[in-house]
Amino acid sequence: LYDDMWETVMVKNENWWKKMKVYKHNLRPMRELNLSISMTSSGSSSLKSARSQSEYGEHSWYMINFNKFSDPADGQIVLFCEMRDVTEMVEKEQKLRAARKHEHDLLQSIIPEHIIGHLVDEKKKNKIALENSD
């Protein structure tokens, strides 16, 4: 992972990003980092509400972004890291994926396979026809 990031940012001179699950034990304690906890409109801590539990303990999802630039003061290369907590978004995506799978399984148990195939083919044909008409 580190080698991929380094090659992308430092060698190819491109932006590197990845969505990663980060566990509490991977981060320094909040007081050491001197971070402030922002409050959401509901009055609850966004950091605490964004945390999830798993078999490895408390975790959050972060969108991690690295890029490099030249420091305007001395011209040296600076590596910039941005981490955004996207736990709420990831959890909603997971719930949506689970709901779609459940819906798919339910439909498969109700509708025969050959009819589902026909409906999917018809939808693809309509989509292609719509794209070609533009």
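Residues numbered from 1 in each chain as written. Predicted model: local features only at pLDDT ≥ 70, side-chain atom pairs only at ≥ 80, totals over all residues. Heavy atoms only, no water.

Undergrad: Would you mind going over the confidence of the model for the protein in detail, with residue names and values included?
TA: Keep in mind that low pLDDT regions are not for reading the predicted coordinates in detail. Taken residue by residue, the protein gives an average pLDDT of 79. The fraction at 70 or more is 78%. Averaged pLDDT values for the elements of the protein fall to 42 in helix H3 (residues 46-49) and rise to 92 in helix H4 (residues 87-110). Within the model, the stretch residues 31-51 combines pLDDT values under 50 with 25 contacts to residues more than four positions away or in other chains. (pLDDT = per-residue confidence, 0-100. Helix = DSSP H or I, 4+ residues; strand = E, 2+ residues; numbered from the N terminus. Contact = heavy atoms within 4.5 Å.)

Undergrad: Tell me about the environment of Val90, and name the residues and values.
TA: Within the element layout of this structure, Val90 appears in helix H4. In sequence terms Val90 and Lys21 are 69 residues apart; their C-alpha atoms lie 9.8 Å from each other. Beyond its immediate stretch of four places on either side in the chain, Val90 contacts Lys19 and Trp61.

Undergrad: I'd like a rundown of the nonpolar core, residues and numbers included.
TA: Residues Met5, Val9, Trp16, Val22, Tyr62, Ile64 and Phe66 constitute the largest nonpolar core, which totals 7 residues. Taken together, the elements giving at least two residues each to this core come down to helix H1 (2-11), strand E1 (16-23) and strand E3 (57-70). (Core = buried A, V, L, I, M, F, W, Y, C linked by side-chain atoms within 4.5 Å. Buried < 20%, exposed > 50% of the residue type's maximum accessible area, 1.4 Å probe, protein only.)

Undergrad: Give me the packing of aromatic side chains: which residues, what numbers.
TA: Scanning the entire structure with this criterion turns up 2 aromatic pairs. Taking the centre distance of 6.0 Å and the plane angle of 25° together, the rings of Tyr2 and Trp6 count as stacked. One end of the pair is Tyr2 and the other is Trp6, both in helix H1 and 4 residues apart, which spans about a single turn. Given the relative accessible area of 36%, Trp6 is considered partly exposed. Seen from their ring centres, Trp16 and Phe66 are 5.8 Å apart, and the 50° between their planes marks the pair as tilted. Here Phe66 lies in strand E3 and Trp16 lies in strand E1, a separation of 50 residues in the sequence. (Phe/Tyr/Trp six-rings, centres within 6.5 Å; stacked < 30°, edge-to-face > 60°.)

Undergrad: Got a sec to walk through the side chain of Asn65? Specific residues and values, please.
TA: Within the fold, Asn65 resides in strand E3. Leaving out residues up to four positions away in the same chain, Asn65 has contacts with Asn15, Trp16, Trp17, Phe80, Cys81 and Glu82.

Undergrad: Describe in detail the pattern of salt bridges, supporting the description with residues and values.
TA: For the structure on display, the rule yields 5 salt bridges. Between Lys19 and Glu93 there is a salt bridge; the shortest N-O distance is 3.3 Å. Of this pair, Lys19 sits in strand E1 while Glu93 is found in helix H4, placing the two residues 74 residues apart along the sequence. In this structure Glu93 comes out as partly exposed when scored by relative accessible area, which is 30%. The partner of Asp105 in a salt bridge is Lys101, and the shortest N-O contact between them spans 3.2 Å. Of this pair, Asp105 and Lys101 both sit in helix H4, 4 residues apart, roughly one helical turn. According to the relative accessible area criterion, Lys101 is exposed, its value standing at 52%. (Salt bridge = Lys/Arg side-chain N within 4 Å of Asp/Glu carboxyl O.)

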